[in-house]
Structure formats: C-alpha cells, structure tokens
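If you want the building blocks of each chain, they are given just below.
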Amino acid sequence: MTHGALGEGTPDGDILIRRGVILTGRALFKGWAIATTLWLVGLYIVLAATSQGFLLDLALMVLMYGYGIALVTGVPLAWILGYLLRPIRNQWIHVAAFFIVPTLGFWALGSMLGFGWTIGALGLWATVGLAAALGRMAVWRDVAVR
C-alpha cells in the first residue's frame, strides 16, 4: 500500500496517494519551456517577415516580453489546467484540453481587448493552443500516472 500526505484515508487510517495523472514540477517547467519557445519562434518568424529590419532588436523584445509574459501567465494556467485534469487518465484528453482551453481563452480575452471575434483572430490564438498542446505532448512520459 502506498502512503503519502495527499489522498484519502482507508478504514485502517492509512493514507493513499490520489489516482490520476500528476504533472510534476519538472514536467510543468519542461512543457512550458517547449511551448513558449515554439510559440515565440513562430511569432518571431512572422514579425521578422513583416518588419522593416531591426531583427536583433525584435528578437530581444520577443524573448524578453514573450518569456516574461509566458512565465507569469502560462505557468499558472498550465498548473491549474493540469490540476483540473488530474483525475482523467487518458493523456490525449490532456493534450486536447491544452489546445482548446488556451485557444478559446485567449480568443475571448483578445476579443475583449479589441482584436475582434473573427476566424482570423481565432487562428492567431490557435497558435498559442497548438504550442501548449505540443508542450503537453512533449512531457507525456514525464508525468506520474497512478
């Protein structure tokens, strides 16, 4: 019998570890780093293709603001989503949720900020969801399944 601080008690007073998919801290950071890097590389390519130069300045701006914002918003959102998905053992559902939730969430937020409710805006925010899903898929073997 497995003992631990988290879980439900048994009639004998033993504590069992909860079942489900546990996104460890290492997996969370690795997934965040992969997802953020993928999204920022794509963003930089699009911005560099449409800019008039200043590619080094643009790269530094994307890196500084991109990783900073992703650290402040992406890590907490990924942790919350991973926590809510913990009881679901099918990891494909996790990957799908990591695509759908950021895509629709940022589409709604972006639309409220004035980007509009268009399909084009949804496509823009789907890049965030795709990066998040690929980041979640990258940590498939790093999570603890109990």
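Cut-offs and rules
- Residues numbered from 1 in each chain as written.
- Predicted model: local features only at pLDDT ≥ 70, side-chain atom pairs only at ≥ 80, totals over all residues.
- Heavy atoms only, no water.
- Helix = DSSP H or I, 4+ residues; strand = E, 2+ residues; numbered from the N terminus.
- Buried < 20%, exposed > 50% of the residue type's maximum accessible area, 1.4 Å probe, protein only.
- Contact = heavy atoms within 4.5 Å.
- Areas by Shrake-Rupley, 256 points an atom, 1.4 Å probe, with all protein chains shown as cover.
- Axes fitted to C-alpha atoms, helices over the stretch in contact; angles between N-to-C directions.
- Parallel < 35°, antiparallel > 145°, perpendicular 65-115°, else oblique.
- Left-handed = near helix turned anticlockwise from the far one by under 90°.
- Nonpolar A, V, L, I, M, F, W, Y, C, P; charged D, E, K, R; others polar.
- Core = buried A, V, L, I, M, F, W, Y, C linked by side-chain atoms within 4.5 Å.
- pLDDT = per-residue confidence, 0-100.
- Phe/Tyr/Trp six-rings, centres within 6.5 Å; stacked < 30°, edge-to-face > 60°.
- Salt bridge = Lys/Arg side-chain N within 4 Å of Asp/Glu carboxyl O.

Brief notes about the overall build of the chain
Here comes step 1: The secondary structure content of the chain amounts to 4 helices and 4 strands.
Here comes step 2: Starting at the N terminus and ending at the C terminus, the chain contains elements arranged as β-β-β-α-α-α-α-β.
Here comes step 3: With 146 residues in all, the chain has 29% of them scored as buried.
Here comes step 4: Contacts in the chain between residues at least 24 apart in sequence constitute 58% of all its contacts with a sequence separation of at least 6.
Here comes step 5: Accessible area of the chain: about 9400 Å², with a carbon and sulfur share of 73%.

Focus on the packing of helix α3 (residues 91-112) against helix α4 (residues 119-138)
Here comes step 1: At a closest axis distance of 7 Å, the pairing of α3 and α4 adopts a crossing angle of 150°. In terms of their interaxial angle, α3 and α4 are classed as roughly antiparallel. You can see that α3 and α4 cross each other, and the crossing is right-handed. Contacts from Gln91, Trp92, His94, Val95, Phe98, Phe99, Pro102, Thr103, Leu104, Phe106, Trp107 and Gly110 in α3 reach Ala121, Leu122, Trp125, Ala126, Val128, Gly129, Leu130, Ala132, Ala133, Arg136 and Met137 in α4.
Here comes step 2: Residues that form the contact of α3 with α4 fall into these classes: 17 nonpolar, 5 polar and 1 charged.

Describing the nonpolar core
Here comes step 1: Core analysis: the largest hydrophobic core is formed by 12 residues, namely Val21, Leu23, Ala27, Leu28, Ala78, Leu81, Leu85, Ala97, Phe98, Ala132, Val139 and Val143.
Here comes step 2: Elements that contribute at least two residues to this core include exactly α1 (25-50), α2 (55-84) and α3.
Here comes step 3: In contact with Val139, other than residues within four places in its own chain, are Leu23, Ala27, Lys30 and Gly31.

Concerning the confidence of the model for the chain
Here comes step 1: With 88% of its residues at a pLDDT of at least 70, the chain reaches an overall mean of 85.
Here comes step 2: Predicted confidence is poor over residues 1-7, with pLDDT under 50, and the contacts of this stretch with residues over four places away or in other chains come to 18 contacts.

Let's talk about the packing of α2 against α3
Here comes step 1: Packing of α2 against α3 brings their axes to within 11 Å, and their N-to-C directions diverge by 130°. The orientation of α2 with respect to α3, classified from their angle, is oblique. In this structure, α2 meets α3 at a crossing whose hand is right-handed. On the side of α2, the interface is formed by Leu77, Ala78, Leu81 and Gly82, while α3 contributes Ala97, Phe98, Val101 and Phe106.
Here comes step 2: Residues belonging to the contact of α2 with α3 are distributed by class as follows: 7 nonpolar, 1 polar and no charged.

Structural notes on the packing of aromatic side chains
Here comes step 1: In this structure the tally under the stated criterion is 7 aromatic pairs.
Here comes step 2: Look at Trp107 and Trp117: their rings are 5.4 Å apart centre to centre, the planes differ by 75°, and that puts the pair in the edge-to-face class. Note that Trp107 is positioned in helix α3 and Trp117 in the loop between α3 and α4, a separation of 10 residues in sequence.
Here comes step 3: Following the ring pairs from residue to residue traces out a cluster consisting of Phe29, Trp32 and Tyr67.

Focus on the side chain of Arg86
Here comes step 1: Summarising the element assignment, Arg86 is placed in the loop between α2 and α3.
Here comes step 2: Since its relative accessible area comes to 19%, Arg86 is described here as buried.
Here comes step 3: Residues within four places of Arg86 in sequence aside, it is in contact with Arg19, Gly20, Val21, Ile22 and His94.

Some remarks on the pattern of salt bridges
Here comes step 1: As enumerated under the stated definition, the model contains 2 salt bridges in all.
Here comes step 2: Residue Lys30 pairs with Asp142 through a salt bridge whose shortest N-O separation is 2.8 Å. Highlighted residues: Lys30 in helix α1 and Asp142 in the loop between α4 and β4 (144-145), separated in sequence by 112 residues.
Here comes step 3: Members of the salt-bridge network, linked through shared partners, are Arg26, Lys30 and Asp142.

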